[in-house]
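Structure assessment
Each chain, letter by letter, is given below.
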Amino acid sequence: MIAVELIKLLRRPRTWLIIGMLIALPTLVAVLLAITDLGPRPGTGPPFLSAVLSDGTLFPLAALGVVLPLLLPIAVAVLGGDAIAGESQTGTLRYLLVRPVGRTHLLLAKLVTVVAFVLLAVLIVAAVSYAEGRLLLGRPNHHQPLLPVVPAERPRQAREHFFLQRLPTLVILLRHL
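Residues numbered from 1 in each chain as written. Predicted model: local features only at pLDDT ≥ 70, side-chain atom pairs only at ≥ 80, totals over all residues. Heavy atoms only, no water.

**Considering the overall build of the chain**
What counts here: A run of H or I in DSSP counts as a helix once it spans at least four residues, and a run of E counts as a strand once it spans at least two, with each numbered from the N terminus. Exposed residues in this analysis have more than 50% of their type's maximum accessible area, buried residues have under 20%, and partly exposed residues fall in between, with area computed by a 1.4 Å probe over protein chains only. Should any heavy atoms of two residues lie within 4.5 Å, those residues are counted as being in contact.
Across its full length, the chain holds 8 helices and 0 strands. Seen in sequence order, the chain has helices and strands lined up from the N terminus as α-α-α-α-α-α-α-α. Looking at the chain as a whole, 33% of its 177 residues qualify as buried. In the chain, 71% of the contacts between residues at least 6 apart in sequence involve partners at least 24 apart.

**Brief notes about the pattern of salt bridges**
Threshold: Note on definitions: salt bridges are taken to be side-chain nitrogens of Lys or Arg within 4 Å of carboxyl oxygens of Asp or Glu.
Tallying each qualifying case throughout the model produces 4 salt bridges. Residue Lys8 is joined to Glu5 by a salt bridge in which the shortest nitrogen-to-oxygen separation is 3.2 Å. You can see Lys8 and its partner Glu5 sitting in helix 1 (residues 2-11), 3 residues apart, about one turn around the helix. The class for Glu5 is buried, based on a relative accessible area of 6%. Glu5 serves as the salt-bridge partner of Lys110, at 3.0 Å between the closest nitrogen and oxygen.

**Some words on the confidence of the model for the chain**
The criterion, for reference: Note on scores: pLDDT gives the predictor's confidence for each residue, bounded by 0 and 100.
When the pLDDT values of the chain are averaged, the result is 75; 68% of them are 70 or greater. Mean pLDDT values for the elements of the chain range from 58 in helix 8 (residues 156-175) up to 87 in helix 7 (residues 103-137).

**What to know about the packing of helix 1 against helix 7**
The condition is simple: To obtain an axis, a line is fitted to C-alpha atoms, over the contacting stretch when the element is a helix, and the angle between two such axes runs from 0 to 180 degrees between their N-to-C directions. Any angle that falls under 35 degrees is termed roughly parallel, while one over 145 is termed roughly antiparallel, one within 65 to 115 roughly perpendicular, and all others oblique. Helix crossings fall into two classes, left-handed where the near helix is turned counterclockwise from the far one by less than a right angle and right-handed where it is turned clockwise. Amino acids are sorted into nonpolar (Ala, Val, Leu, Ile, Met, Phe, Trp, Tyr, Cys and Pro), charged (Asp, Glu, Lys and Arg) and polar (every other residue, Gly among them).
For the pair helix 1 and helix 7, interaxial distance at closest approach is 9 Å and the crossing angle is 45 degrees. By the criterion of interaxial angle, the relationship of helix 1 to helix 7 is oblique. Two packed elements cross with a definite hand, and for helix 1 against helix 7 that hand is right-handed. Residues Ile2, Glu5, Leu6, Lys8, Leu9 and Leu10 of helix 1 touch helix 7, and the partners they reach there are Ala109, Lys110, Val112, Thr113, Ala116, Phe117 and Leu120. Of the residues assigned to the contact of helix 1 with helix 7, the class counts are 9 nonpolar, 1 polar and 3 charged.

**Some thoughts on helix 4 (residues 59-70)**
Put simply, the rule is: Every helix has an expected span of 1.5 Å times one less than the residues it contains. What the arc covers is the set of directions going from the helix axis to the C-beta atoms.
End to end, helix 4 covers 17 Å across 12 residues, agreeing with the expected 16 Å (1.5 Å per residue, within 8%). For helix 4, the full list of buried residues reads Phe59, Pro60, Ala63, Leu64 and Val67. Projected down its long axis, helix 4 carries its buried residues within an arc of 125 degrees, all on one side. In helix 4, those exposed residues whose orientation departs by more than 90 degrees from the buried face are Leu61, Pro69 and Leu70.

**Some remarks on the nonpolar core**
How we decide: Here, the term nonpolar core denotes a set of buried Ala, Val, Leu, Ile, Met, Phe, Trp, Tyr and Cys residues that are joined through side-chain atoms within 4.5 Å.
By size, the foremost hydrophobic cluster in this structure holds 26 residues, and its most contacted members are Leu22, Phe117, Val125, Leu136 and Leu137. For this core, the secondary-structure elements that each account for two or more residues are helix 2 (13-35), helix 3 (47-54), helix 4, helix 5 (72-90) and helix 7. Ranked by residues supplied to this core, first place goes to helix 2 with 9 residues. If near-sequence neighbours (up to four positions away) are discounted, Leu22 is found in contact with Val67, Leu71, Leu72, Ala75, Ala121 and Val125.

**Comments concerning the side chain of Asp82**
Quick reminder of the rule: Polar contact is defined as a pair of N or O atoms within 3.5 Å, subject to the rule that within protein one atom must be able to donate a hydrogen and the other to accept it, and that residues adjacent in sequence are counted only when both atoms are side-chain atoms.
On the secondary structure map, Asp82 appears in helix 5. Side chain to side chain, Asp82 and Arg12 meet in a polar contact 3.3 Å long. Other than its neighbours up to four places away in sequence, Asp82 contacts Arg12, Arg14, Glu87 and Gln89.

**Examining the environment of Leu108**
You can see Leu108 is positioned in helix 7. We classify Leu108 as partly exposed; its relative accessible area is 44%. For the pair Leu108 and Met1, spaced 107 residues apart in the sequence, the C-alpha separation amounts to 9.5 Å.

**Looking at a nonpolar patch on the surface**
Convention followed: Grouping into patches uses exposed residues only, defined as over 30% relative accessible area, and leaves out salt-bridged ones; the cut-off is 9 Å for like charges and 5 Å for nonpolar side chains (Val, Leu, Ile, Met, Phe, Trp, Tyr). The accessible surface values rely on the Shrake-Rupley method and a 1.4 Å probe; as for residues, cover is taken only from the protein chains in view.
Taken together, the side chains of Ile2, Leu108, Leu111, Val112, Val115 and Leu119 make up a nonpolar region of the molecular surface, amounting to roughly 490 Å² of accessible area. Looking at the nonpolar patch element by element, the count peaks at 5 residues for helix 7. Looking at where Val112 falls in the secondary structure, it is placed in helix 7. Residue class for Val112 comes out partly exposed when judged on its relative accessible area of 31%.

In structure tokens, the structure reads:
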């Protein structure tokens, strides 16, 4: 029963849409920090933000700090509600009624599925944020990103052009994750 629920979770497009939405906010933050001067200069401002801007490998912690308290509870509520109510929508509720499955066993399988979703979402957000942090924000001991950011003296259009030139590299890397 648990294996069937896990397979249903992984096959649903809604699961991957929710994970994509969880990734979207940290990606937007990383891109904005990379192409604008919104963040403080290294050594100024809040210590954690300054550390993240100089060491992109810390960006997953910042991304999870945004996703976990704000978006993940909403995603879990939507997915958990769908796990129970979705049985009638997909037509599988009839099979559960014909084949007697204990209520406790059914709810336990749904709970394990939701916990597996949380773990999968956290791992994917952390992995994508790590790649974005390394590419856009900086590396430890180098204090420069793998894709260097245009200096502040150059006009905004030059920074945007510079980022858009490197966007295909980011897309290719994200496809292979």
